[in-house]
Each structure stands twice: as structure tokens, then as C-alpha cells.
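Chains, contacts and geometry: an overview
The lines below spell out each chain.
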Amino acid sequence: MLSWGAAGRRALRWASGRAQARGLRASPRARTAMPSWVIDRYGSNEVLRFTRDMMFPIIHFPNEVIIKVHAASLNPIDLSMRSGYGATALNMKRDPLKLKTGETEFPITLGRDVSGVVMECGLGVSYFKPGDEVWAAIPPWKQGTLSEFVVASGNEVSFKPKCLSHTEAAALPYVGLTAWSALNQVGGLNQSNCSGKRILILGASGGVGTFAVQLMKAWDAHVTAVCSHDASTLVKKLGADDVIDYKSGNLEEQLKTLPLFDFILDNVGGSTEKWALDLLKKWSGATYVTLVTPFLINMDKLGVADGMLQTGVTVGSKTLKHLLKGVHYRWAFFMPSGPSLDEIAELVDSGKVCQ
Ligand SMILES: NC(=O)C1=CN([C@@H]2O[C@H](COP(=O)(O)OP(=O)(O)OC[C@H]3O[C@@H](n4cnc5c(N)ncnc54)[C@H](OP(=O)(O)O)[C@@H]3O)[C@@H](O)[C@H]2O)C=CC1
């Protein structure tokens, strides 16, 4: 459930976006280049190149802001993108003009997370002003945050939690929004319907998992966390009620000794999916959500049309198969969202989630 504060801010974001004149702000800047880490082809670490000549970002749409990056961070997706993962789908969303004229997508700047200060706003932005301390996760089809400046849509940006430094804040947006998307937007969990629910989190010690454990505890659920023994102290400290070590013995057998679950978040994928759904309560609305999907890989391998078709067939048949067995099966994805980050910032500032 949204708090009044969050609901009010959503309304304000909407109203301010509508009320402003359409148009672009003429940039007073004289600078044309900035330092960035870029790649000019896909590969391993040797493709990373530091340059002082990356083009300075430009506000193309009235709802955009330019952020001066104070801190950025890396996620597993940055390593995958460096190697070319998702290129087919992401290129469709990148500058279509550039691709039409036969130019390549390069140079690409990686890095999704940013904490920094607003430097310039488009004419449609009144929710933020230059000098505001903000954080954001920039979607993977846009130029990333391993740069001195980055441009983002105002709807992707939120005020940074006051209790975190820029360096601390930059660790959270991408994993926080991914967990938020899986648990709340796809999974339907919220503060008012979570109390006492039994939640299983597979891969609880990673970036997404540690955020998910804390969010579920903030919403009063019972959390069973699966991670390696090395991470069990951390995950317990974050609030998990039960911690299971997936490296000591057969995980499926260990979990079968526990009462059934209302919800499973799968951050691991692979063969886990073959048995994990049997751990859910049947015919009670119980849901399994996985973040490990073949969506982008299908498009890379089969092209856009066949990849989308294959994805539709796979997710459709799995959803139906499990629905007939009395449980819900869903795929979730990272979703950029300033309003969701507002709610995450509130949880951080109230001490319910730490970085
Ligand atoms: N669909 C989407 O849009 C997105 C998908 N993802 C996916 O979500 C997953 C999690 O991302 P993220 O948290 O950032 O990744 P991390 O690398 O931070 O964490 C993954 C964790 O999984 C744990 N792990 C590995 N194998 C197992 C296993 N068999 N059982 C239980 N835990 C295991 C590891 O824990 P330990 O050290 O304890 O072994 C590790 O900490 C990744 O697969 C990523 O690709 C992430 C973001 C967006």
C-alpha cells in the first residue's frame, strides 16, 4: 500500500509533468566532451576504454534531467552487456535514427546505478531543480552512469535518501527496483497483504536477494532465505527467519521438510525451476516469480520476431501448466521507476532497509 507521502508525490510528479510547457531548454553549457568508461565492441575486460572525449549528454525531451554523477556502481548485467548480452533487443530501444543510418550502437557507456546532483532540467520538469541530490537506475538501452554526467527521464529519478552518502546510495537503485518489480509489481505483494505470509528467497545473499529479504521483513512476512554458509550471518542480520545453506546437502530435500510457501522469489534459475514450484501451497493464490528468464537471450539467438514468439510460447505454456496445478508462475524484470525509488528511499530513511 502507498503511504500518503508516496501517493502525494506520485500526484505531484504527474501534475508537474502535465503543467509545464512542452519544449527543450537551451543549454547554456559550453562543454562538449566529458570523461567516461566506454566499450567500442563486445568482449571481456580488455574492451573497456577510458576516454575524456565522450559527447556531453543533451536533453532531447522536456521531461529529462542531466545528473552530475557522484557515485556509480556495477551489477551482473553490466558484465553481461559488456559481452553483448541483450544487444538485439536493446538496440531496438536505442537511438533509432542512429541505427537507421547504419551507425553502430558504439560507444556504449555501461553502469546502471547513479547517485549525484541534478545539473540541468528540461522545461517539463518542475519536480526537480538544479542542485537536488538524486539517485536513479538508468535503463540498459540508455547510456550508462560510468561517466561524469548522465541524462535520465525525470520519471526515472528520485531524491536520494538523506541518511546515505552518494557512494552508499549508488549500491541500491538497480537491485532495489528489480526486487520491487518482482515482489510488488509482478508478485502483487505490498505492505497490507504480506503479514505472516511465508516467503522463500532463492539466492538471498546477492544484491537483489539482500534487498528482497529486508523488504519482506519490513512488510512483516516470514522469510526463508537460501544462500551459502558464508553469507548466512549477513542474511540473518538482515532479518531472515530461517536460513538454508544450499551447499550443504540436497536443497530440495531440506526445503521439503518446511511448511509450504505462499511466495517464491527465484534469483538463481536453472534446474531450481523444475522442483521449486512444488514447495508452494496449492489453490491459494501462491506465486512463483523468477528473475532468470531467456527473454533477451532468445532475441539474441533467434532475432527479434522469432525470439519474441519463442518467449511468448515458453512463458505462456509454463504459466498454463502451473495454473492447472494450482499455482501462479511469473517472469519479472528490472523496471526503471522514480516513484518506486521514492518508496524505497522512505524505507531506507526509516531504517527498514540498509544498503
Ligand atoms: N530479469 C531482470 O530484469 C533481472 C534479473 N536479474 C537476475 O537476478 C539474479 C540475481 O541478481 P543479483 O542479486 O544482482 O546477482 P548477485 O550476483 O549479486 O547474486 C547472486 C547470488 O546467488 C547466490 N547463488 C548462486 N547459486 C545459488 C544457488 N544454487 N542457490 C542459492 N543461491 C545461489 C550467490 O550467493 P552465495 O554467495 O551465497 O553463493 C550470489 O550471492 C541474477 O541471475 C540476475 O541475472 C538481476 C537483475 C535484473
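Residues numbered from 1 in each chain as written. Predicted model: local features only at pLDDT ≥ 70, side-chain atom pairs only at ≥ 80, totals over all residues. Heavy atoms only, no water.

Turning next to the environment of Ser 340. Structurally, the position occupied by Ser 340 is in helix 13 (residues 338–349). By relative accessible area, Ser 340 is classed as buried at 1%. Distance in space between the C-alpha atoms of Ser 340 and Leu 215 is 13 Å, their sequence separation being 125 residues. Here Gln 185 takes part through its side chain, which lies 3.5 Å from a polar atom of the side chain of Ser 340. (Helix = DSSP H or I, 4+ residues; strand = E, 2+ residues; numbered from the N terminus. Buried < 20%, exposed > 50% of the residue type's maximum accessible area, 1.4 Å probe, protein only. Polar contact = N/O pair within 3.5 Å; in protein donor to acceptor, adjacent residues only side chain to side chain.)

This part takes up the packing of helix 6 (residues 173–186) against helix 7 (residues 207–218). Helix packing for two helices is described by the angle between their axes and how far apart those axes are. Helix 7 packs onto helix 6 with a crossing angle of 60 degrees between their chain directions and a minimal axis gap of 8 Å. Relative to helix 7, helix 6 is oriented oblique. Crossing hand, helix 6 versus helix 7: right-handed. Packed against helix 6, whose contacting residues are Val 175, Gly 176, Thr 178, Ala 179, Trp 180 and Leu 183, the element helix 7 presents Gly 207, Val 208, Phe 211, Ala 212, Leu 215 and Met 216 at the interface. Per-class residue counts for the contact of helix 6 with helix 7 are 9 nonpolar, 3 polar and no charged. (Axes fitted to C-alpha atoms, helices over the stretch in contact; angles between N-to-C directions. Parallel < 35°, antiparallel > 145°, perpendicular 65-115°, else oblique. Left-handed = near helix turned anticlockwise from the far one by under 90°. Contact = heavy atoms within 4.5 Å. Nonpolar A, V, L, I, M, F, W, Y, C, P; charged D, E, K, R; others polar.)

Here we take up the site of the ligand. By nearness alone, 19 residues border the ligand, and Ser 205, Val 208, Ser 228, Tyr 246 and Phe 334 come closest of all. Gly 206 has a polar backbone atom sitting 3.4 Å from an oxygen atom of the ligand. Calculation on the ligand without its partners gives an accessible area of 930 Å², and the protein chains cover 68% of this total. Breaking the shell around the ligand down by element, the ones donating at least two residues are helix 6, helix 7 and strand 10 (222–227). Here the shell around the ligand is composed, by residue class, of 12 nonpolar, 7 polar and no charged. (Near = heavy atom within 4 Å. Areas by Shrake-Rupley, 256 points an atom, 1.4 Å probe, with all protein chains shown as cover.)

The alternating pattern of strand 13 (residues 287–290) places Thr 287 and Val 289 and Tyr 288 and Thr 290 on opposite faces, both of which are buried. Pairing geometry for strand 12 (residues 263–266) and strand 13, over 4 bridges, is parallel. Paired with Phe 263 across the strands is Thr 287, a residue of strand 13. Where strand 13 lies against strand 14 (residues 328–331), 4 bridges are found, and the strand directions are parallel. Paired with Thr 287 across the bridge in strand 14 is His 328. (Pairing = 2+ DSSP bridges.)

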